[in-house]
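What follows is each chain in one-letter form.
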Amino acid sequence: MTPAAALRAKKRKVLWQRIYRRRFLYLLFLPVFIFYVVFRYAPMWGLLIVFQDFRPFLGFSGSNWVGLQHFQSFLPDPRFWNVVVNTIILSLYGIIFVFPAPIILALMINEIRSMKFKRTVQTISYLPWFISTVVVVSLITSILSPTMGPIGQIFRAMGREPINFLGRVEYYRTIFTLSNIWSTIGFGSIIFLAAISGVDQQLYEAATIDGAGRLKQLFHVTLPSIMPTIIIMLILRMGAIMDSDFERNFLLGNEATRPNADVIATFVFRQGIHQSNFSFASAVGLFNSLVALVFVWGTNRISKKTTETSLW
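This text gives an overview of the structure that appears in the document. All residue numbers refer to positions counted from 1 along the written sequence of the respective chain. Side-chain atom pairs in this predicted model are given and counted only at pLDDT of 80 or more, local residue features only at pLDDT of at least 70, and totals for whole chains, interfaces and linings cover all residues. Neither water nor hydrogens contribute to the side-chain values; these are computed over all heavy atoms in the structure.

Ile103, Leu107, Leu223, Ile226 and Ile230 are the most contacted members of the largest nonpolar core, which has 19 residues in total. By the convention used here, residues are in contact when the closest approach between their heavy atoms is within 4.5 Å. Those residues within four positions of Leu223 in sequence are excluded, and the remaining contacts are Leu107, Leu218 and Ile230. By convention a nonpolar core is built from buried Ala, Val, Leu, Ile, Met, Phe, Trp, Tyr and Cys residues, the set being connected through side-chain atoms within 4.5 Å. Per-residue accessibility, obtained with a 1.4 Å probe over protein chains only, is compared with the maximum for each type, and a residue is labelled buried under 20%, exposed over 50%, and partly exposed between these values. Formed by 17 residues, the second largest nonpolar core is a distinct cluster that contains Phe74, Phe80, Ile241 and Met242.

Axes are the key here: two packed helices are described by the angle between their axes and the distance separating the axes. Whenever a helix is involved, its axis is fitted only over the stretch in contact; in every case the axis is a line through C-alpha atoms, and angles between N-to-C directions fall within 0 to 180 degrees. Runs of E in the DSSP output that reach at least two residues are strands. Runs of H or I that reach at least four are helices, and both are numbered from the N terminus. Viewed as axis vectors pointing N to C, helix α12 (residues 214–238) and helix α16 (residues 278–306) meet at an angle of 155 degrees, and their least axial separation amounts to 8 Å. By the angle between their directions, the pair α12 and α16 is classed as roughly antiparallel. For the pair α12 and α16, contact is made by Ile231, Ile235 and Met238 and by Ala292, Phe295, Val296, Thr299, Asn300 and Ser303, respectively. Under the grouping applied here, Gly and all other residues not named as nonpolar or charged are polar, the nonpolar ones being Ala, Val, Leu, Ile, Met, Phe, Trp, Tyr, Cys and Pro and the charged ones Asp, Glu, Lys and Arg. Residues that form the contact of α12 with α16 fall into these classes: six nonpolar, three polar and no charged. Here is the rule for angles: anything less than 35 degrees is roughly parallel, anything more than 145 is roughly antiparallel, 65 through 115 is roughly perpendicular, and the remaining ranges are oblique.

Throughout this description, a polar contact denotes any pair of N or O atoms lying within 3.5 Å of each other; where both atoms belong to protein, one of them has to be capable of donating a hydrogen while the other can accept it, and for residues adjacent in sequence the pair is counted only when both atoms sit in side chains. The backbone nitrogen of Gln202 lies 3.1 Å from a side-chain oxygen of the residue at the head of helix α11 (residues 201–209), namely Asp200. One or two steps after α11, the chain reaches Gly211, where phi turns positive at roughly 95 degrees.

The next subject is the pattern of salt bridges. Side chains that differ in sign of charge can pair as their charged atoms come close. Think of a salt bridge as a Lys or Arg side-chain nitrogen and an Asp or Glu carboxyl oxygen that are within 4 Å of each other. The final tally for this structure, using the stated rule, is seven salt bridges. A salt bridge links Glu111 to Arg214, with the nearest nitrogen and oxygen atoms 3.1 Å apart. Taken together, the residues Glu111 in the loop between α6 (100–110) and α7 (115–126) and Arg214 in helix α12 connect sequence positions 103 residues apart. Look at Glu111 and you get partly exposed, because its relative accessible area is 26%. By relative accessible area, Arg214 is classed as partly exposed at 40%.

Written as structure tokens, this is what we have:
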């Protein structure tokens, strides 16, 4: 056996020894691996229909190949660019307003000294996460109803005509963003609370000795310490910038608010399910995923150059 072959054999032996020593950890990881293979990677075979005039009864082999025809059809379509703009705007609202909300809540909870009150606030803020989106939208619809909702009753008590908020296109983005904050702020704060709990207490002691109060400690100790976590979460959030919560948009939007409520996910749903344009809808979905990949890659690269914190 040559020295190179002997070295490769030794490396393989060491590798299998390490795998055997950690076999229980790999067994724990196995269900996750199977899930991603079955539900994330195996379905990628279906992307073939993007380049076909797919007919379900003909299958992959019987459908005609059309190349980039579907991309050429939706890129000039003004309806498509309208949903792209809506998706980006709602996602930017999410980054500007929804993303910082759990950070602010985590910082506020961290400043609470009473453990009983802190646990009460945490429990109450976590509850909306476990409520179904359907129930959340039903609550919003009931509250904002101009006829039976409390908001409408308040307007009548003030002698004013109730406003149909869910029927006015100019209010949709605000309602969508506020409902998103309410649903996610508590559960999203868990990660940042965990990051805050890992901050070295000696830093706070040193800051106290230097005369820093609670507010200065927050800005000069807590925030810089959890900044890597914030950056990583922001990079992950950028991956979903082209995915603006299909369920909430689909349930909360209506014909009156469609100019602002129609996003890529709802557009794909209508094209694929309602109109049976499977290939066209898949092409739009693939384009959406590629743009999201570019956003993640770009954000990660910028973060790596400016802060030296990145996913890879």
